[in-house]
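# Observations on the model geometry
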Amino acid sequence: MAGPEDKAPAVKAMRVGDVMSRQLYTVSPTDTAQSVARLMKETGVGALPVEVPGVGTILGIVTDRDILTSVVARALSTSTAVFEFMTVAAESCEEGDSILLAAQKMHDLRIRQLVVVDEKRHAAGIIALADIIRVSPDLGELVLDGMSRHHEPTDQQPEGMSPCPA
């Protein structure tokens, strides 16, 4: 029977392209909060890359949390344009990056998804915390643990993860 230590090399060798979702939906910066929320509901996703229409360059990302905290909580209109509440310059990674690197980035930035980009910086997919949990529950738990903590100095780093320079 294989133990967790037997799985570690396999997880370390996994690439973002092995686990990411390639079914990608994007929105325009001029789309409305309501249309984005509707698309999220229809597709079952909680984050959508925002791209320049017709060009494909990623400008940022909008999450269901963005809609709640920036539109609903502030009692803005559902017709508020995405560019007014999106996160500019979405965090990203590449298909060839290791899932450890993606998990490290999620952990350090306390985010649940990264836009996967190609060499032209066009969206190729999304890797979400759920994708990491699916292939490595232990690694996913470490990411979640980092998200729930306040940034406390620590002498210990999770195995396979290193501190990112400030």
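Structure report, in brief. Only a predicted model underlies this, so the values are computations on that prediction, with no experimental measurement involved. (Residues numbered from 1 in each chain as written. Predicted model: local features only at pLDDT ≥ 70, side-chain atom pairs only at ≥ 80, totals over all residues. Heavy atoms only, no water.)

## Some thoughts on the pattern of salt bridges
Two side chains bearing opposite charge may form a pair once their charged atoms approach each other closely. To be explicit about the condition: Salt bridge, as used here: a side-chain nitrogen of Lys or Arg that lies within 4 Å of a carboxyl oxygen of Asp or Glu. The secondary structure listing takes helices from DSSP runs of H or I that are at least 4 residues long and strands from runs of E that are at least 2 residues long, numbered from the N terminus. Using a 1.4 Å probe on the protein chains alone, a residue whose accessible area is under 20% of its type maximum counts as buried, one over 50% counts as exposed, and one in between counts as partly exposed.
Across all of its chains, the model carries 2 salt bridges by this definition. Here Arg22 ties to Glu95 by a salt bridge, and the two come within 2.9 Å at their closest N and O atoms. Remark: Glu95 occurs in the loop between β4 (92-94) and α5 (99-109) and Arg22 occurs in the loop between α2 (16-19) and α3 (33-43); sequence separation between them is 73 residues. When its relative accessible area of 29% is taken as the criterion, Glu95 is described as partly exposed. Here Asp131 and Arg134 are joined by a salt bridge, their closest N and O atoms 3.0 Å apart. Pair noted here: Asp131 and Arg134 are both in helix α6 (residues 129-135), with a separation of 3 residues, about one helical turn. Since its relative accessible area comes to 10%, Asp131 is described here as buried. The exposed category is assigned to Arg134, whose relative accessible area is 53%.

## Notes on the side chain of Ser92
Quick note on the threshold: A contact between two residues is defined here by any heavy atoms of the two lying within 4.5 Å.
Of note, Ser92 is situated in strand β4. Accessibility expressed as a relative area gives 11% for Ser92, which makes it buried. Those residues in contact with Ser92, other than ones at most four positions away along the chain, are Lys105, Leu114, Val115, Val117 and Arg121.

## Brief notes about the sheet that holds β4
Just so we agree on the cut-off: Criterion used throughout: strands pair if DSSP finds at least two bridges between them. What counts as an axis is a line fitted to C-alpha atoms, over the stretch in contact for a helix, and the angles between N-to-C directions run from 0 to 180 degrees.
One open sheet accounts for 3 strands, arranged β4-β5-β6; its pairing is mixed. Here the strands that pair on one side only, and so sit at the sheet edges, are β4 and β6 (123-128). On average, adjacent strands in this sheet sit at an angle of 35° to one another, irrespective of strand direction. Bridge count for strand β5 (residues 113-117) against β6 is 5 bridges, and the pairing is antiparallel.

## Overview of the nonpolar core
Heads up, the condition is: Nonpolar cores were defined as sets of buried Ala, Val, Leu, Ile, Met, Phe, Trp, Tyr and Cys residues, with membership established by side-chain atoms within 4.5 Å.
By size, the foremost hydrophobic cluster in this structure holds 18 residues, and its most contacted members are Val16, Met106 and Ile127. Taken together, the elements giving at least two residues each to this core come down to α2, α5, β5, β6, α6 and α7 (137-148). When residues in this core are grouped by element, the largest group, 5 residues, is from α5. Excluding anything up to four places from it in sequence, Ile127 contacts Val16, Val19, Met20, Cys93, Ile99, Ala102, Met106, Arg112, Gln113, Leu114, Val116 and Ile132. In terms of nonpolar packing, the next biggest core, distinct from the first, is built from 12 residues, Val27, Val62, Ile67 and Val71 among them.

## Focus: unusual backbone geometry
Despite not being glycine, Ala75 has its phi angle at roughly 55°, a positive value. Summarising the element assignment, Ala75 is placed in the loop between α4 (64-72) and β3 (87-88). Judged by its relative accessible area of 68%, Ala75 falls in the exposed class. Phi angles above zero are rare outside glycine, and Arg110 is one such case at about 55°. When you line up the elements, Arg110 lands in the loop between α5 and β5.

## A short note on the packing of α3 against α4
Going by this rule: In this scheme the crossing of two helices becomes right-handed for a clockwise turn of the near helix relative to the far one and left-handed for an anticlockwise turn of less than a right angle. Residues are grouped as follows: Ala, Val, Leu, Ile, Met, Phe, Trp, Tyr, Cys and Pro are nonpolar; Asp, Glu, Lys and Arg are charged; all remaining types, including Gly, are polar.
Between α3 and α4, whose axes approach to 10 Å, the crossing angle comes to 145°. In this structure, the crossing between α3 and α4 has a hand that is left-handed. Contacts between α3 and α4 involve Ala33, Val36, Ala37 and Met40 on the former and, on the latter, Asp64, Ile67 and Val71. Tallied by class, residues from the contact of α3 with α4 come to 6 nonpolar, no polar and 1 charged.

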